[in-house]
Amino acid sequence: LLARRHNQAALLAQALRRLSGVPVLPDALSRTRATAPLGEAGAAERRLRLEGAFAVPPRRAAQVAGRRLVLVDDVLTSGATADACARALLDAGAREVRVLAAARVPDPRLEAGRAYTPAVMG
């Protein structure tokens with residue numbers, strides 16, 4: 001937030017709230033420690049760097065426990081951040097966590113010819 005000056009995922013979630021009426025908890029997760037930039041790290045390294053990096057603050061635990069949640073992300077690359085956040089929500093008692101991402105960036109380290117194919121709904 002300090003580097004970017006705004007939280008794109010929170011802005012997306014607020015727009016979805018206006019359209020759907022579903023409540024948003026922009027502070028349902030907090031970082032438990034600083035992490036090295038993910039930049040050029042591969043998926044396995046990203047997962048290691050983010051392990052245990054997020055938690056549900058005690059003041060939000062009751063709002064998370066037993067709920068089906070949608071985790072909103074602006075850009076999904078390896079999925080490591082979404083996975084770490086979902087793990088923290090599940091550890092806090094969430095019944096289910098689904099991820100909604102505005103953009104999917106294929107990992108540039110994938111071998112040639114293995115292009116990303118998005119899932120199609122409807």
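Residues numbered from 1 in each chain as written. Predicted model: local features only at pLDDT ≥ 70, side-chain atom pairs only at ≥ 80, totals over all residues. Heavy atoms only, no water.

(A) Representation of the environment of G66. Here G66 shows up in the loop between α3 (61-64) and β3 (68-76). Its relative accessible area of 41% is what places G66 among the partly exposed residues. Sequence separation of G66 and R95 is 29 residues, and the distance between their C-alpha atoms is 4.8 Å. Those residues within four positions of G66 in sequence are excluded, and the remaining contacts are G93, A94 and R95. (Helix = DSSP H or I, 4+ residues; strand = E, 2+ residues; numbered from the N terminus. Buried < 20%, exposed > 50% of the residue type's maximum accessible area, 1.4 Å probe, protein only. Contact = heavy atoms within 4.5 Å.)

(B) Broad picture of the pattern of salt bridges. Counted by the stated rule, this structure contains 7 salt bridges. One salt bridge connects D27 with R60, and the closest N-O pair in it is separated by 2.8 Å. Placement of the pair is D27 in the loop between α1 (8-20) and β1 (30-31) and R60 in the loop between β2 (54-55) and α3, with a sequence separation of 33 residues. The salt bridge involving D83 is made with R47; its shortest N-O contact spans 3.4 Å. Linking D83 in helix α4 (residues 80-91) with R47 in helix α2 (residues 43-50), this pair joins segments that are 36 residues apart in sequence. On the accessibility criterion, R47 (37% relative accessible area) is partly exposed. Among the ionic contacts, a cluster of salt bridges with common partners joins D27, R59 and R60. (Salt bridge = Lys/Arg side-chain N within 4 Å of Asp/Glu carboxyl O.)

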